[in-house]
Amino acid sequence: MTAAAGLGCSTLVASAAHADPSAPDVPDVVVASPSGGDKVFFPDATMLADGRLVTVFYQAPSHSRYDGKYMWTESIDEGANWSTPRTLIDTPLDDRDAQITQLSDGTIIVNFFRMDWTNEATTGIVPHGSWVIRSGDGGITWSQPVPVNSSMSCGCGPVSGAYPLGWNATTGKILELDSGDLLVPLYGTRSDSAVGQASVVRSTDGGLTWPIENESMIPIPSGVSLSEIAITKTAGDGVEALIRTAGPAGPTYSSRSIDGGATWSVPEQTTMKGQAHHLLTLQDGRLLATYGDRSRQFVAGEPVAGRIREVCGTWNEAPDLLLFRVMSSDDQGDPSTVELSGSRFFTVSYDTTLGIVGTYSSLSDYDALPPVVTPGGPISPPQDSILNLTAMRDASELSFTTDLQSGHANHPETKPSAALDGVAKYWYSALGGLATPASPKEYTVNFVTPQTIDWIGLNLKVGYPESVEISFSQDGVNWELPVQQRTETSVANKIEWQPTPEATIRAIRVKITDSFGGSAMLSELNLAHEGPGVSVPLQPHVSVTPSVLTSAAFRGSGVRVSGAGYPAGQSLSVLLDGVQITTATTSECGVFSVPLVVQGASIGVHTLVVSDGTNSAQTKLELRAESTGTSTLELESEGE
């Protein structure tokens, strides 16, 4: 561990003018350059209360497999000029992905993880978990690292990939809640499974300790492996998470907590395909995500992009703004953003040639983007609105033509008709040679009777990115301009749906314009007609935390009932066994969280209901007598 010395006078190393969003290939400022034989990577930034804008970054000869260290540089003019970097963290191991935050009491806190590459060729890589350091004097001196304890920490499982199972890492900032509790986001694996998991660990003493019993796991969606996680605060006791998923271009998932990170919703897929997300709650309550974009919509690689989610909106409604890209390399990204004066932002990221770079943007840049038009409700059509193309094919109600004519000796299921077989798996595909913009591959479906559609669903090439253009024909001969252009990395057994303006068509053409992995594939084409939109019923749910209580705690403070899915600004009644015990009012997003205080609850099963008179949700509560004579209350949520 290296304690930072006082700065004295800063040495200015760069300067910048205001950003030009139309020139994303040129950074506005170089924050820190490569030094000697070392390169610089993985920056994170924060604005301190005294006006210093601080960036910390990794310095090592390579992206990984070296004992790198973390450096500190700062700016007193909102990023235009930067001090000469100095060492922040340099332990005997490889110190990685440091994230810096200042707490409300002025303490600066940094979380990072450590790796030991020494014996990689013989006994393997040894992860050393996630750690936290603190400074009470503005970053001059630092505490010794303390561990973040996690169920993903033992390193005691079998080797899977590069690491023994039971490891964790951190790439997202520590979050301070209104209560003063701190949450650090982790990702990794437990010792009994190679499936990636994500969690938050809570500190109740300002980051001095991080007990394993304070870890809250985020549910794992079926068939998904979770990875890097970033979190930020929303209204009330809300916390929002964005999570990277496994695969070369796995989609980003989002999860929400309405009870300060104690419990989490099952993550839902978004239209983002990102890595190393950074989340920032803006002064107006909106959320800004910046991330390395893996969708290939801007360039191959991971250019830095951002999107702003409205206060009660979804990530899928937000368009992307390209902030910085490097055309000659895909080793870039890992952005971090701070909000400056005048509705402006400063985003740091890295480029292995230039170093740590900074890009300015503003709210007006995001507001000028064309809106993303999506219907309300889930991002898929109702099941009963999906056309059965397999049955239509078998009944000769449609025909198809394609240049995806290849087969596979070991996989008879790979054939041209497989794109209409109802199975979204790798080998159950129409297969052809490599597609390029100059030599695309096409799959055309012609209907005997015109069909009306307003949804298009695709599963392209499982595990590999592909780009497609989709066009309609009213007569089967003349083609309109593409109605959709998509770049996706498909997941087995999952159709990626996108709405399209309602159209009655005789033919649809999927043109694969770019493919990877040596071949082009179309695993599945789905179409649907939902018709006029129908309102999606509210689905309220309620939870109580903590989940196990003594009867004394149940009567006292620290217990909260939280819920979501109610109308905004709605008055709610909280009832225990039919008797109102308190009231609540939902926020503009239809969520609430209030203290729960009950006097004289008897041992046995109780029912807690939260209702607005029309919509309601309930939780079962059981108060049990322990052998010591003390009662505990166990809570089991329903309808979540």
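Higher on the page you've got the structure.
About the thresholds
Residues numbered from 1 in each chain as written. Predicted model: local features only at pLDDT ≥ 70, side-chain atom pairs only at ≥ 80, totals over all residues. Heavy atoms only, no water. Helix = DSSP H or I, 4+ residues; strand = E, 2+ residues; numbered from the N terminus. Contact = heavy atoms within 4.5 Å. Areas by Shrake-Rupley, 256 points an atom, 1.4 Å probe, with all protein chains shown as cover. Salt bridge = Lys/Arg side-chain N within 4 Å of Asp/Glu carboxyl O. Buried < 20%, exposed > 50% of the residue type's maximum accessible area, 1.4 Å probe, protein only. Disulfide = S-S within 2.5 Å. Pairing = 2+ DSSP bridges. Axes fitted to C-alpha atoms, helices over the stretch in contact; angles between N-to-C directions. 1 Å grid on protein atoms, 1.4 Å probe; cavity = no way out; pocket = protein on both sides within 12 Å on 5 of 7 lines; lining within 4 Å. Points joined across faces, edges and corners; volume = space filled by probe spheres on them. Nonpolar A, V, L, I, M, F, W, Y, C, P; charged D, E, K, R; others polar. Lys, Arg positive; Asp, Glu negative; His and termini not counted. Polar contact = N/O pair within 3.5 Å; in protein donor to acceptor, adjacent residues only side chain to side chain. Core = buried A, V, L, I, M, F, W, Y, C linked by side-chain atoms within 4.5 Å. Phe/Tyr/Trp six-rings, centres within 6.5 Å; stacked < 30°, edge-to-face > 60°. Lys NZ or Arg CZ within 6 Å of the ring centre and 35° of its normal.

Helix and strand counts for the protein chain stand at three helices and 44 strands. Summarising the internal contacts of the protein chain: among those between residues at least 6 apart in sequence, 58% fall at separations of at least 24. For the protein chain, the accessible area works out to roughly 26,000 Å², and carbon and sulfur atoms hold 51% of it.

Another point: the pattern of salt bridges. Evaluation of the coordinates by the stated rule reveals 19 salt bridges. Two residues, Glu 240 and Arg 309, come together in a salt bridge whose shortest N-O distance is 3.0 Å. Note that Glu 240 is positioned in strand β18 (residues 239-245) and Arg 309 in strand β23 (residues 304-309), a separation of 69 residues in sequence. Arg 309 gets classed as buried once you look at its relative accessible area, which sits at 3%. Each of the salt bridges in this network shares a partner with another, and the network as a whole consists of Asp 284, Arg 286, Glu 310 and Asp 367.

Here the focus is the environment of Ala 241. Along the chain, Ala 241 falls in strand β18. Look at Ala 241 and you get buried, because its relative accessible area is 0%. With ten residues separating them along the chain, Ala 241 and Ile 231 place their C-alpha atoms 4.4 Å apart. Leaving out residues up to four positions away in the same chain, Ala 241 has contacts with Ile 229, Ala 230, Ile 231, Tyr 253, Ser 254, Ser 255, Trp 264 and Leu 279.

Here, the word disulfide means a covalent bond between the sulfur atoms of two cysteines. Across all of its chains, the model carries one disulfide by this definition. One disulfide bridge connects Cys 154 with Cys 156, the sulfur atoms lying 2.1 Å from each other. Disulfide Cys 154 to Cys 156: torsion about the S-S bond roughly -75°, handedness left-handed. Given a relative accessible area of 42%, Cys 154 falls into the partly exposed group. Overall, the relative accessible area of 55% leaves Cys 156 in the exposed class.

Our next topic: the sheet that holds strand β27 (residues 355-362). Hydrogen bonding along the main chain pairs the strands of a sheet, whether they run parallel or antiparallel. If you trace the four strands from one edge of the open sheet to the other, you get β1-β27-β26-β25, paired in antiparallel fashion. Both outer strands of the open sheet, β1 (29-32) and β25 (332-340), are each paired with one neighbouring strand and no more. Direction aside, the axes of adjacent strands within the sheet are offset by 30° on average. Inspection of the sheet shows strand β26 (residues 344-351) paired to β27 by eight bridges, in the antiparallel sense. Counterpart to Ser 349 in the pairing with β27 is Val 357.

The final tally for this structure, using the stated rule, is two cavities of 30 Å³ or more. Its boundaries defined by the atoms lining it, the largest cavity holds a volume of some 100 Å³. Along its surface, the largest cavity is lined by Phe 42, Pro 43, Asp 44, Asp 97, Gln 99, Thr 171, Ala 276, His 277, His 278, Asp 334, Pro 335 and Ser 336. Of all the secondary-structure elements, those providing two or more residues to the lining of the largest cavity are β2 (39-47), β6 (94-102), β21 (274-281) and β25. When grouped by side-chain class, the residues that make up the lining of the largest cavity number four nonpolar, five polar and three charged. Approximately 40 Å³ is the volume found for the second largest cavity. Contributions of two or more residues to the lining of the second largest cavity are made by β17 (226-233) and β21. When its residues are assigned to classes, the lining of the second largest cavity shows three nonpolar, five polar and one charged.

Here Phe 42, not a glycine, exhibits a phi torsion of approximately 50°, which is positive. Looking at the element boundaries, Phe 42 is found in strand β2. Residue Phe 42 is classed as buried on the basis of its relative accessible area of 4%. If you check the backbone angles, Asn 493 has positive phi at about 70° while not being a glycine. Residue Asn 493 is classed as exposed on the basis of its relative accessible area of 57%.

Note that Glu 496 resides in strand β33 (residues 496-515). Put simply, Glu 496 is tucked away with no salt bridge, and the nearest opposite charge, on Lys 273, sits 4.9 Å away. Polar contacts involving the side chain of Glu 496 include one to the side chain of Gln 269, which spans 2.5 Å. Those residues within four positions of Glu 496 in sequence are excluded, and the remaining contacts are Gln 269, Ile 456, Gly 457, Leu 458, Arg 486 and Glu 488.

Turning our eyes to something else, we now look at the layout of surface pockets. Quantified by volume, the second largest pocket comes out at close to 880 Å³. If you list the elements that add at least two residues to the lining of the second largest pocket, you get β6, β7 (108-116), β12 (167-169), β14 (182-189), β17, β18 and β25. Across the lining of the second largest pocket, the residue classes tally to 15 nonpolar, 13 polar and ten charged.

Reading across the sheet, the four strands line up as β2-β3-β4-β5 and stay open at both edges, with antiparallel pairing between neighbours. Every other strand in the sheet has two partners, leaving β2 and β5 (86-89) as the edge strands with one partner each. The average angle at which neighbouring strand axes cross in this sheet is 35°, direction not considered. Alignment of strand β3 (residues 53-60) against strand β4 (residues 69-75), held across seven bridges, turns out to be antiparallel. Bridge pairing in β4 links Val 54 to Glu 74.

Residues Val 56, Trp 72, Leu 88, Ile 89, Val 110, Phe 346 and Ile 356 are the most contacted members of the largest nonpolar core, which totals 36 residues. Ignoring any residue separated from it by four or fewer positions in sequence, one finds Ile 89 in contact with Lys 69, Tyr 70, Asp 95, Ala 98, Val 110, Phe 112 and Ile 133.

Below, the discussion takes up the packing of aromatic side chains. Tallying each qualifying case throughout the model produces 15 aromatic pairs. Relative to Tyr 350, the ring of Phe 41 has its centre 5.4 Å away and its plane inclined at 70°; by these criteria the two rings are edge-to-face. Of the two residues, Phe 41 sits in strand β2 while Tyr 350 sits in strand β26, which places them 309 residues apart along the sequence. Like Tyr 350, Phe 41 is buried. Through pairs of rings, three or more aromatic residues link up here, namely Phe 41, Phe 42, Tyr 58, Tyr 70 and Tyr 350. In this structure, Lys 461 packs its charged tip against the face of Tyr 464, placed 4.7 Å from the ring centre. The lysine or arginine in question, Arg 509, covers the ring of Trp 479, its NZ or CZ lying 4.5 Å from the ring centre.

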